[in-house]
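Results of the structural survey
Listed below are the residues making up each chain.
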Amino acid sequence: MSTSSEHVAHHFPDLETQAHAARLGMWLFLATEILLFAGLFTAYALYRMLFPSAFAGASGLIDTRMGALNTVVLITSSLTVALAYHFSRQGRGRAAAALLLATIALAGVFLVVKYVEYAHHIGAGHLPGRYYRYPALDVPGAAMFFTLYFLMTGLHGIHVVAGMGVLAWLAAGAWRGSYGGEYSTPLELGGMYWHLVDLVWIFLFPLLYLI
Amino acid sequence: MAPRGGAWSWLTTRDHKRIGIMYLVLTSAMLALGGFYAMAIRMELLTPGPTVMEAQTYNRMFTLHGVIMILLFMIPAIPGIFTNFFLPLMIGARDVAFPRLNLFSVYLYLAGALIAVYGMIQGGADTGWTFYTPYSTTTVTKVWPILLGGFTLGMASIVTGLNFIVTVHTLRAPGLTWMRLPLFVWSSYATSVIQVLATPVLGITLLLVAVENVFGFGVFDPARGGDPVLFQHLFWFYSHPAVYIMVLPAMGVVSEVLQAFARRNVFGYKAVAFSSLGIAFVGFFTWGHHLFTSGQSAVDAGIFGVLTMFVGVFTAIKVFNWTATLYRGSISFQTPFAYAIAFIFFVVFGGMTGVALATVALDVHWQDTYFVVAHFHFIMVGGTLTGFLAALHYWWPKMTGRMYSEKWGLVAAVFIFLGFNFTFVPQYLLGNAGMPRRYYSYPERFWALNVASSAGASVLAMGFVIVLAYLLLSLKYGPRAAANPWGSRGYEWMTPTPPPPENFLGQPTYPRPAHDYREAHPGQEGH
Amino acid sequence: MNELMRRLLFLPEQASAYARQVDQLHYFVITVTMLGSAGVGAAVVWFAIRYRRRAEGDPTPHLSPRPYHEVLFIGGPLALFLLWFAIGYPLFVRLATPPKDALDVYVTGKKWMWKFAYPGGPNGVDVLHLPAGRPVRLLVTSRDVIHSLFLPDFRVKIDAVPGRYTQTWLQAEKPGRHDIFCAEYCGVGHSAMLGELVVLDPARFDEWLAETRRSPPLAAAQDFPQAGGDPAATLVEQGRRLAGAYGCLSCHTVDGTRHIGPTWLDLYLRNERLEDDTTVVADESYLTESMMLPRTKGVKGFQKVMPTFQGRIPGPEVAAIVEFIKSLRTDAVRPEPSKGPVYAPVPGFVPPEK
């Protein structure tokens with residue numbers, strides 16, 4: 001188990017200030033992530049207004065069941081990561097590591113489902129911009145929908161992969177017992193990041209699949 | 001700073017002071033490169049027709065000039081160098097909140113610069129630094145490395161800003177309340193907020209343009225249903241606040257320098273401090289004034305016009321308070337002070353022409369002409385770069401432990417002041433006369449003013465060469481600096497020169513406000 | 001006074017009443033700016049001399065602003081800036097709302113030339129003929145990248161954006177020649193994308209029209225390649241053909257009968273009641289907008305089934321369809337727009353190959 005002093009960097013007066021700084025930094029980072037997606041959401045809003053019927057039609061081409069499955073998977077993974085933090089606070093590092101591994105596994109399931117969807121769209125010619133080849137829905141705006149679909153889910157997918165790396169690193173630390181009741185800040189921050197990944201998907205799912 | 005360890009210890013340092021020095025070296029190199037391109041542009045414009053280069057080369061030159069000066073110098077310079085070095089010293093912290101992240105930002109900056117340089121070697125982009133679509137998505141030049149470089153530099157900027165915000169919130173020394181913070185800290189804080197909140201939007205926008213340029217996804221391409229004006233909105237949502245990222249830190253520097261050399265506490269501390277936050281806030285809602293001629297509705301134009309006026313009001317508050325700070329002071333006219341008052345003059349003139357542009361009707365004539373070029377160079381060169389020079393001269397003794405030649409300092413300041421005016425006042429007139437910006441050739445009636453501007457630019461360049469020369473010489477031959485050579489009562493001067501690794505010998509205390517010169521108390525007059 | 005200030009500020013000639021008014025604001029604004037910066041500069045220099053350091057370690061007083069300082073520092077500039085805005089904004093609004101009786105000219109920017117098309121007539125390249133004393137509305141678009149039509153002598157500028165129309169207007173006071181620049185950077189030929197505006201005396205303009213109407217058309221086919229083979233086709237005739245080709249006429253009638261969409265007969269300048277019970281005048285911008293964004297301002301009583309044509313119809317063809325709609329009038333009393341001036345492309349700048 002860790003003591004408080006060994007985790008305090010030389011320039012912080014105490015562990016509490018350091019944890020406060022870390023959390024504040026993480027919140028600011030999450031704000032930048034949301035603003036990064038905000039540019040894409042703005043583009044989505046504008047083009048949905050310009051091409052309402054094309055967007056509705058193109059949205060019908062993607063499989064809502066797949067999206068719903070992935071939503072459930074990601075929400076479950078948010079639960080497991082929150083539980084991991086909970087156990088780590090109680091000093092049960094091994095349990096926390098196991099839950100983090102479960103989170104990574106769920107993220108893997110998410111990516112597999114996403115791969116199946118991508119493979120289907122690429123095969124059917126539901127492609128962005130000038131690559132769009134789908135004669136059954138040949139209206140202006142359909143290609144734009146798939147441009148945004150691939151950009152938004154692609155950027156989100158990159159975040160999922162990055163999150164898996166972070167979680168793996170945290171799982172290794174938790175297994176070794178680096179975190180405990182007094183000091184679980186890295187796990188907390190990793191969990192916050194993973195919740196953001198989840199949150200972005202919760203916005204993407206209705207925008208792309210449902211409406 | 002005392003030399004400790006070898007090159008490796010510099011490359012892996014987490015000391016904010018060394019990171020500041022690394023930024024100083026890197027951004028100065030970029031300033032020189034951007035200045036070289038500026039001189040090439042002025043050389044080409046010496047005659048109405050082709051002078052020394054082809055149109056395509058010229059287009060690349062002004063693009064690179066803009067990209068380098070804005071993304072690689074103006075935005076990172078003062079935060080990267082001076083905020084890094086002095087913010088912890090001013091608030092009594094031993095380092096910034098995240099020292100490793102701070103080092104990481106240097107490497108991000110370096111990576112962004114290298115990617116951009118790779119783009120230049122590959123021929124460089126010809127889009128202008130604004131990357132307007134659909135030109136930028138259809139040009140045959142290699143735009144993507146420059147865009148990717150811009151994205152990476154944006155990340156460096158975000159990381160720096162995030163670090164400073166957290167530092168100010170969590171690492172102020174005991175007893176140092178918000179209303180005691182030096183004004184440079186306030187303006188740096190406001191800058192950091194913009195860096196964190198605006199830069200991600202630029203990041204995604206640049207990525208979208210890069211993706212579209214390489215793959216043809218059509219997000220901004222009207223031929224595929226895209227809207228090129230959407231790009232302008234997204235771009236200026238960042239790039240207008242970015243102007244305040246560039247100028248706010250310089251305003252903070254001027255607040256410090258004026259107090260130190262007039263030996264007076266600032267007149268209206270709260271007004272100066274909060275106007276920084278005001279500029280940062282209003283700056284997010286003025287981007288539409290770049291689109292007055294793009295077919296935007298008259299209502300939108302009116303709203304953006306009025307909001308832009310408020311930036312002018314906040315700046316005016318600062319200017320009046322600065323001027324009042326000199327009243328009944330004890331003024332020593334030295335190099336940093338010379339740059340500070342030059343800054344005030346340039347910002348008043350440049351700022352008021354900015355407000356003039358926001359009257360909408362006048363903007364219709366001036367939009368995309370040399371008037372706009374002159375206006376933003378008054379703010380960028382006359383404001384930011386002059387503020388940078390004030391900071392460099394004010395803090396040089398603390399950073400390097402050496403004194404530079406005061407005589408040559410003033411000589412260079414005169415060169416820069418005169419050269420600057422001769423360069424950019426003719427450009428205002430060129431804009432009035434109707435010369436559009438980014439013109440490779442021009443009708444003969446614009447000739448005389450262009451020659452005047454080019455002549456002024458060479459005087460300006462000479463000023464910078466002099467500065468470079470005496471500063472470099474001072475490193476070897478300059479006399480050793482005292483801990484507080486100016487007799488300043490800014491908090492950052494309370495530590496020895498060079499500052500020890502953890503900044504202070506013991507815990508600093510703050511019994512008085514910064515720049516309190518009400519009595520001649522001993523021990524802080526230096527010498 | 002006007003002439004002195006104009007020369008001091010290197011402003012070009014004032015070719016319209018609007019230009020003169022903008023310049024008045026310009027003189028006011030720039031005079032205040034110079035006085036303001038000179039005043040602040042003088043105050044700073046005077047303080048630096050008056051309060052120069054006489055002895056090392058002089059204490060200085062601690063001064064804080066009184067409320068009236070703050071009111072002055074905030075209220076002064078705010079009042080001044082708002083005054084500028086109060087003068088400048090109405091001028092802009094005037095520029096943004098062309099008079100109803102304006103002569104329309106369609107302008108298309110293209111790397112690196114300007115094309116001008118009159119309704120009911122063919123078109124020309126780089127040289128625009130306009131009558132003096134009559135308001136002229138410019139409807140501007142681009143074929144490739146963004147350009148910006150800049151008429152410095154009129155203090156007028158408007159971006160040419162591909163995929164949409166923007167508009168501005170001007171009224172030349174007297175015959176003369178004026179520069180046309182491109183103000184938005186558009187590539188290698190940006191600074192060579194020059195045009196000329198030739199303002200003619202109204203009588204001379206009509207005379208010149210009559211002459212050009214008799215001469216054989218030269219430039220139309222090249223400028224409107226999508227419009228089909230017949231170079232003599234007027235914009236209206238092109239519009240009629242294009243409306244058929246794009247399927248407009250399968251929903252919109254031209255004889256006043258109700259079909260899937262509103263009839264085009266007498267549509268131009270009609271007050272249309274919208275879904276949300278507001279009304280809108282069906283002018284050029286509404287017609288163009290309805291092709292691009294059919295769902296945003298749908299007419300009440302019709303189903304929203306029209307697809308968008310954003311990105312599907314090139315700018316010149318939109319212009320032609322709009323002109324066709326404008327021509328469908330029962331009363332037909334509206335004065336016939338000038339029948340096409342026809343002139344050859346002006347030899348001059350040859351765009352370099354990429």
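Residues numbered from 1 in each chain as written. Chains lettered and ligands numbered in written order. Predicted model: local features only at pLDDT ≥ 70, side-chain atom pairs only at ≥ 80, totals over all residues.

1. Some words on the overall build of chain C
To keep things clear, this is the line we draw: Secondary structure is summarised from DSSP: a helix means a run of H or I of at least four residues, a strand means a run of E of at least two, and numbering begins at the N terminus for each. Counting other C-beta atoms within 10 Å of a residue's C-beta gives its exposure: the residue is buried at 20 or more, exposed at 12 or fewer, and partly exposed in between, where C-beta atoms are placed from the backbone. A pair of residues counts as a contact when their C-beta atoms, built from backbone coordinates, are separated by no more than 7 Å.
Tallying secondary structure elements over chain C gives eight helices and 12 strands in all. Looking at the 354 residues of chain C, the share that counts as buried comes to 44%. Within chain C, contacts between residues at least 6 apart in sequence are counted, and of these 70% link residues at least 24 apart.

2. Describing the overall build of chain A
Looking only at helices and strands, chain A features six helices and zero strands. When the helices and strands of chain A are read in sequence order from the N terminus, they spell out α-α-α-α-α-α. Once the C-alpha set of chain A is aligned to its principal axes, its extents read approximately 65 × 30 × 25 Å. The 211 residues of chain A split such that 40% are buried. Across chain A, the fraction of contacts at a sequence separation of at least 24, relative to all contacts at a separation of at least 6, is 75%.

3. Re the interface of chain B and chain C
Rules: Three classes are used, and their members are as follows: Ala, Val, Leu, Ile, Met, Phe, Trp, Tyr, Cys and Pro are nonpolar, Asp, Glu, Lys and Arg are charged, and the others, Gly among them, are polar.
On the side of chain C, 74 residues touch chain B, which itself brings 78 residues to the contact. Elements with a minimum of two residues in the side of chain B that touches chain C: α3 (55-91), α5 (135-138), α8 (228-262), α10 (298-326), α11 (335-357), α12 (361-366) and α14 (406-433) of chain B. At 14 residues, α10 of chain B tops the list of elements feeding residues into the side of chain B that touches chain C. Grouping the amino acids of the side of chain B that touches chain C by side-chain chemistry returns 44 nonpolar, 25 polar and nine charged.

4. With respect to the sheet that holds strand β4 (residues 127-131) of chain C
Residue and element names in this part refer to chain C. We apply this condition: Paired strands, as defined in this entry, are two strands with at least two bridges between them according to DSSP. Every axis corresponds to a line fitted to the C-alpha atoms, with the helix fit spanning only the stretch in contact, and the corresponding angles, defined between N-to-C directions, vary from 0 to 180 degrees.
As summarised here, the arrangement of the five strands in space is β4-β10-β9-β6-β7, forming an open sheet in which the pairing is mixed. For this open sheet the edge positions go to β4 and β7 (156-160), each flanked by a neighbour on one side alone. Neighbour to neighbour, the strand axes of the sheet diverge by 25° on average, direction disregarded. Relative to strand β10 (residues 195-200), β4 runs parallel, the two being bridged by five bridges. Bridge pairing links histidine 129 to valine 198 in β10.

5. Quick look at the packing of α14 of chain B against helix α15 (residues 447-477) of chain B
Helix packing geometry: the angle between the two helix axes and the distance between the axes. All names here are of chain B. Our working definition: If an angle is under 35 degrees, it is roughly parallel; if it is over 145, roughly antiparallel; if it lies from 65 to 115, roughly perpendicular; otherwise it is oblique. Crossing handedness is read from the near helix: turned anticlockwise from the far helix by less than a right angle, it gives a left-handed crossing, and turned clockwise, a right-handed one.
Following both chains from N to C, one finds α14 and α15 inclined at 155°, their axes separated by 7 Å at the closest point. Taken as axis vectors, α14 and α15 run roughly antiparallel relative to one another. Crossing hand, α14 versus α15: left-handed. For the contact of α14 with α15, the residue count by class is 21 nonpolar, eight polar and no charged.

6. Observations regarding the interface of chain A and chain C
With seven residues of chain A at the contact, the number on the chain C side is seven residues. When its residues are assigned to classes, the side of chain A that touches chain C shows five nonpolar, two polar and no charged.

7. Here's the deal with the packing of helix α5 (residues 142-176) of chain A against helix α6 (residues 185-210) of chain A
Residue and element names in this part refer to chain A. One way to put it is that α5 packs onto α6 with a least axis distance of 10 Å and a crossing angle of 160°. When the axes of α5 and α6 are compared, the pair comes out roughly antiparallel. Crossing angle aside, the handedness with which α5 passes α6 is left-handed. Side by side, α5 and α6 meet where Tyr149, Met152, Thr153, His156, His159, Val160, Gly163, Val166, Leu167, Leu170, Gly173 and Ala174 of the first sit next to Pro186, Leu187, Gly190, Tyr193, Trp194, Val197, Val200, Trp201, Leu204 and Leu208 of the second. Across the contact of α5 with α6, the residue classes break down as 16 nonpolar, six polar and no charged.

8. Examining the nonpolar core
The cut-off we apply is this: By convention the nonpolar core is taken to be a set of buried residues drawn from Ala, Val, Leu, Ile, Met, Phe, Trp, Tyr and Cys and joined through C-beta atoms within 7 Å.
Counting 341 residues, the largest nonpolar core has Leu100 of chain A together with Phe343 and Ile344 of chain B as its most contacted members. Ignoring any residue separated from it by four or fewer positions in sequence, one finds isoleucine 344 of chain B in contact with Val319 and Trp322 of chain B together with Val40 and Val44 of chain C.

9. Digging into the environment of methionine 435 of chain B
Along the chain, methionine 435 of chain B falls in the loop between α14 and α15. Dropping the residues within four chain positions of it, methionine 435 of chain B is found in contact with Thr369, Tyr370, Leu430, Tyr442 and Phe446 of chain B.

10. Quick word on the environment of glycine 124 of chain C
Take glycine 124 of chain C: it is sitting in strand β3 (residues 123-125). In the structure, glycine 124 of chain C is positioned 13 residues away from lysine 111 of chain C in sequence and 15 Å away in space, judged by C-alpha atoms.

11. So, the environment of serine 290 of chain C
Residues and elements named next belong to chain C. Relative to the helices and strands, serine 290 is located in helix α7 (residues 284-292). The class for serine 290 is buried, based on 23 C-beta atoms found within 10 Å. Along the primary structure serine 290 and glycine 315 are separated by 25 residues, whereas in three dimensions their C-alpha atoms are 14 Å apart.

12. Some details on the confidence of the model for chain C
Residue and element names in this part refer to chain C. So the rule is basically this: Every residue gets a pLDDT, meaning the predictor's confidence in that residue, from 0 to 100.
The share of residues in chain C with pLDDT of 70 or more is 86%, and the mean pLDDT across the chain is 81. Contacts for the low-pLDDT stretch residues 216-232, under 50 throughout, to residues beyond four places or in other chains number 30 contacts. Across the interface, the model reports ipTM at 0.91; the global pTM reads 0.85.

13. Describing helix α4 (residues 99-121) of chain B
Put simply, the rule is: Working rule for helices: expected span equals 1.5 Å times residues minus one.
An ideal rise of 1.5 Å per residue puts 33 Å on 23 residues; α4 of chain B measures up with 33 Å between its terminal C-alpha atoms. Three or more residues of α4 of chain B are buried, namely Pro99, Asn102, Ser105, Val106, Leu108, Tyr109, Gly112, Ala113, Ala116, Gly119 and Met120 of chain B.

14. Notes on the pairing of strand β5 (residues 136-142) of chain C
Residue and element names in this part refer to chain C. Of all seven residues in β5, six are buried; the element is thus mostly enclosed. In this structure, strand β1 (residues 103-110) lies alongside β5, joined through seven bridges in parallel fashion. Note on β5: the bridge partner recorded for valine 107 is valine 140. Direction of pairing for β5 relative to strand β8 (residues 166-170): antiparallel, over a ladder of five bridges. For leucine 138, the partnering residue across the bridge sits in β8 and is threonine 168.

15. Brief notes about unusual backbone geometry
Here the bond from threonine 133 of chain B into proline 134 of chain B is cis, since omega is 0°, no more than 30 degrees from zero. Topologically, proline 134 of chain B is positioned in the loop between α4 and α5. With omega at -10°, the peptide bond leading from lysine 111 of chain C into tryptophan 112 of chain C counts as cis. Within the fold, tryptophan 112 of chain C resides in the loop between β1 and β2 (113-117). In this model, valine 360 of chain B sits at a positive phi of 65°, which is unusual for a non-glycine residue. Locating valine 360 of chain B in the fold gives a position in the loop between α11 and α12. The class for valine 360 of chain B is buried, based on 27 C-beta atoms found within 10 Å.

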